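Listed here are the chains, written in short residue letters.
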Amino acid sequence: CPSGTEVLSVEYKMNLLAPARSDRLVAEGRVIRPGRTISTTQIDVFAGHGDDRTHIATMLQTIIAKTGR
């Protein structure tokens, strides 16, 4: 985003899937649909180490970029 741009949440939904029983959490995010002002993203959170990990949360969000005031 250019300098002076604010990013605000329009909508989000988070599903907690399992307890976070680990010393390490890893979040992986991706942009599903980029837009000039409105974008949609998805985030998945995993607990564990290496290949032994548990999917503990997932989130889908819509964000808006606002420039200036």
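Residues numbered from 1 in each chain as written. Predicted model: local features only at pLDDT ≥ 70, side-chain atom pairs only at ≥ 80, totals over all residues. Heavy atoms only, no water.

What follows is about the environment of R33. Within the secondary structure, R33 is located in strand β2 (residues 25-33). Judged by relative accessible area, R33 falls into the exposed class, the value being 51%. Between the C-alpha atoms of R33 and T62, which are 29 residues apart in sequence, the distance is 9.4 Å. (Helix = DSSP H or I, 4+ residues; strand = E, 2+ residues; numbered from the N terminus. Buried < 20%, exposed > 50% of the residue type's maximum accessible area, 1.4 Å probe, protein only.)

Below, the discussion takes up the pairing of strand β3 (residues 38-49). Here β2 pairs with β3 via eight bridges, running antiparallel. Counted as the bridge partner of L25 is A47 from β3. From the end of β2 to the start of β3, which pair antiparallel, there are four residues. For β3 and strand β4 (residues 52-67), the ladder comprises twelve bridges, and the chain directions are antiparallel. Bridge pairing in β4 links T41 to Q61. (Pairing = 2+ DSSP bridges.)

With that out of the way, let us pick up the sheet that holds β4. Taken in spatial order, the four strands of this open sheet run β1-β4-β3-β2, and their pairing is antiparallel. Of all strands in the sheet, those with a lone pairing partner are β1 (5-16) and β2, marking the two edges. Direction aside, the axes of adjacent strands within the sheet are offset by 25 degrees on average. (Axes fitted to C-alpha atoms, helices over the stretch in contact; angles between N-to-C directions.)

Attention now goes to the pattern of salt bridges. The tally for this structure, following the rule as stated, stands at one salt bridge. One salt bridge connects R53 with E28, and the closest N-O pair in it is separated by 3.0 Å. Here E28 lies in strand β2 and R53 lies in strand β4, a separation of 25 residues in the sequence. (Salt bridge = Lys/Arg side-chain N within 4 Å of Asp/Glu carboxyl O.)

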